[in-house]
Amino acid sequence: MNGCEVARTAQTLALLGHGVGATYEALGRAAVTHIPHMLPGELTALAWAHAMSRSAARDLFTMVGEASAKKLNEFDASDLALLAWAFAAAGHDDPTLFAPAFASRCAALFDEQQNDSLSLRRLHQWHLWRCETRSPGLPSGLADRCLDEFRGSQARVACSADDVVETVANALVTLGLSPHKHVTVPEGYEVAVCVKLSGDRHTFAVDLTDPRGFLCGGGAPSGELELRWRHLRHFARLMVVPLNLATWSQVPEAKRTEFLRRWLDDAGSRELVPGS
């Protein structure tokens, strides 16, 4: 396999929701000789795939970071934003790649005329990760644009799930609790429902999750979902308790209150999601 084939195969597996395993390990080994010669889009695809699958291939990210730093000015806006997001999701810092020149390149690519919404949202999550690790991030003007775009996208997603949020909140009210719907934290994330249990000092974030956010086999969250939860825990100090939309939709309306009662009884342990 050549470098392009390695990167695209890893990307396809990640799109299908496959987690780490023998196939990813083999691809990682095959990628080693190709990484220095890969094009920017191939480096991005490889990093994104391993981040989504939550691969622990630290050496691979180091090599991708080194190769990307040498080709920084060859990246277009979308590839650069996705590369940054992949390193954030993987939690892999790379001082060579994320030197001051990286933020300068982002500022040059994402001028006022560049309004790629998805890329701005990805850059926002990278910037949050840099804040999380107390490292330099984006210039303030670009950081504000990214936050505005991210906050707007979260609100649009929340509106699409409004009916489900209402049913969850109503069931919690029936339990004698006082849930808060559509809670937006300062970092831009929106949580479907936040609730504080009687006598508990923690606030629980009931996070409605799409089954597609989990990896095949074992139910571990993808890198995308884990990054969200990590930020909610770190910045908002929320105890994240995922509620699978597919599971909730299968619970008969008459049994939803009892379902949530049992579910919340176990909330403390369920917050310890895989990878936390």
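Residues numbered from 1 in each chain as written. Predicted model: local features only at pLDDT ≥ 70, side-chain atom pairs only at ≥ 80, totals over all residues. Heavy atoms only, no water.

**A closer look at the overall build of the chain**
Definition in use: A run of H or I in DSSP counts as a helix once it spans at least four residues, and a run of E counts as a strand once it spans at least two, with each numbered from the N terminus. Burial classes follow relative accessibility: with a 1.4 Å probe on protein chains only, a residue under 20% of its type's maximum area counts as buried, one over 50% as exposed, and anything between as partly exposed. By the convention used here, residues are in contact when the closest approach between their heavy atoms is within 4.5 Å. The protein chains shown are the only cover counted for residues, whose accessible areas, like all others here, come from Shrake-Rupley with a 1.4 Å probe.
A tally of regular secondary structure across the chain gives 13 helices and four strands. Residues counted as buried form 50% of the 276 residues belonging to the chain. Within the chain, contacts between residues separated by at least 24 positions form 69% of all contacts whose residues are at least 6 apart in sequence. Only carbon and sulfur atoms are counted for the fraction: they give 53% of the accessible area of the chain, which is about 12900 Å².

**Thoughts on the pairing of strand 3 (residues 203-209)**
The condition that has to hold: A strand pair is defined by DSSP finding two or more bridges across the two strands.
Counting buried positions along strand 3 gives six out of seven residues, so the element sits mostly inside the fold. Pairing geometry for strand 2 (residues 190-196) and strand 3, over four bridges, is antiparallel. The partner of Val195 across the bridge, within strand 3, is Phe204. For strand 3 and strand 4 (residues 239-244), the ladder comprises six bridges, and the chain directions are parallel. Across the sheet, the residue bridging to Thr209 is Asn244, located in strand 4.

**Side note on the environment of Leu13**
By the element assignment, Leu13 lies in helix 1 (residues 3-15). Leu13 sits in the buried class, given a relative accessible area of 17%. Separated by 39 residues in sequence, Leu13 and Met52 have C-alpha atoms that sit 9.8 Å apart.

**Details of the sheet that holds strand 1 (residues 180-184)**
Rules: Only the stretch in contact is used when fitting a helix axis, every axis being a line fitted to C-alpha atoms; angles between N-to-C directions are given from 0 to 180 degrees.
Strand order in the open sheet made by the four strands is 1-2-3-4, with mixed pairing throughout. Strands at the two margins of the open sheet, each flanked by one partner only, are strand 1 and strand 4. Neighbouring strand axes in the sheet, compared pairwise and without regard to direction, differ in orientation by 40° on average.

**Examining helix 12 (residues 256-265)**
Our working definition: What the arc describes is the spread of directions from the helix axis to the C-beta atoms.
Within the sequence span of helix 12, burial applies to Arg256, Thr257, Phe259, Leu260, Trp263 and Leu264. Summarising the axial view, the buried residues of helix 12 lie within an arc of 155°, below the 170-degree limit, and thus occupy one face.

**Details of the nonpolar core**
Stated precisely, the cut-off is as follows: In these notes, a set of buried Ala, Val, Leu, Ile, Met, Phe, Trp, Tyr and Cys residues joined through side-chain atoms within 4.5 Å is what counts as a nonpolar core.
If you look at the biggest cluster of nonpolar residues, it comprises 50 residues, and the most contacted ones within it are Ile35, Leu46, Val64, Trp85, Phe87 and Phe102. Looking at this core, the elements with two or more residues in it are helix 1, helix 2 (22-32), helix 3 (40-52), helix 4 (58-70), helix 5 (77-90), helix 6 (100-109), helix 7 (117-132) and helix 8 (140-160). Sorting elements by how many residues they give to this core places helix 5 first, with twelve residues. Core analysis: the next-biggest nonpolar cluster, separate from the first, contains 21 residues, Ala192, Val193, Val251 and Phe259 among them.

**Points about the pattern of salt bridges**
We apply this condition: Salt bridges are counted wherever a side-chain nitrogen of Lys or Arg sits within 4 Å of a carboxyl oxygen of Asp or Glu.
The full count for this structure, using the stated rule, is eight salt bridges. A salt bridge links Arg130 to Asp93, with the shortest nitrogen-to-oxygen separation between them at 2.9 Å. With Arg130 in helix 7 and Asp93 in the loop between helix 5 and helix 6, this pair connects stretches of sequence that are 37 residues apart. Relative accessible area serves as the criterion here: at 3%, Arg130 is assigned to the buried category. For Lys181, the salt bridge identified is with Glu166, shortest N-O distance 2.9 Å. Taken together, the positions of Lys181 in strand 1 and Glu166 in helix 9 (residues 162-174) put the pair 15 residues apart, joining distant regions of the chain.

**Points about the packing of aromatic side chains**
Condition: In this scheme Phe, Tyr and Trp rings, the latter by its six-membered ring, pair at centre separations within 6.5 Å, and the angle between planes marks the pair as stacked below 30 degrees, edge-to-face above 60, and tilted otherwise.
The tally for this structure, following the rule as stated, stands at eight aromatic pairs. With 5.2 Å between their ring centres and 85° between their planes, Phe61 and Phe87 make a pair best called edge-to-face. With Phe61 in helix 4 and Phe87 in helix 5, this pair connects stretches of sequence that are 26 residues apart. In this structure Phe61 comes out as buried when scored by relative accessible area, which is 0%. Relative accessible area serves as the criterion here: at 0%, Phe87 is assigned to the buried category. Seen from their ring centres, Phe98 and Phe102 are 4.9 Å apart, and the 90° between their planes marks the pair as edge-to-face. Grouping residues by exposure puts Phe98 and Phe102 together as buried. Here the aromatic residues Phe61, Phe87, Phe98, Phe102, Trp126 and Trp129 are joined through ring pairs into a cluster of three or more.

**A closer look at helix 3**
Test applied: A helix is expected to span 1.5 Å multiplied by its residue count minus one.
Relative to the 18 Å expected for 13 residues at 1.5 Å per residue, helix 3 spans 18 Å between its end C-alpha atoms, a close match to the ideal helical length. Among the 13 residues of helix 3, 13 are classified as buried, and the element is accordingly described as predominantly covered. After helix 3 finishes, the residue Arg54 shows a positive phi value of roughly 60°.

Keep in mind these numbers describe shape, not what the thing actually does.
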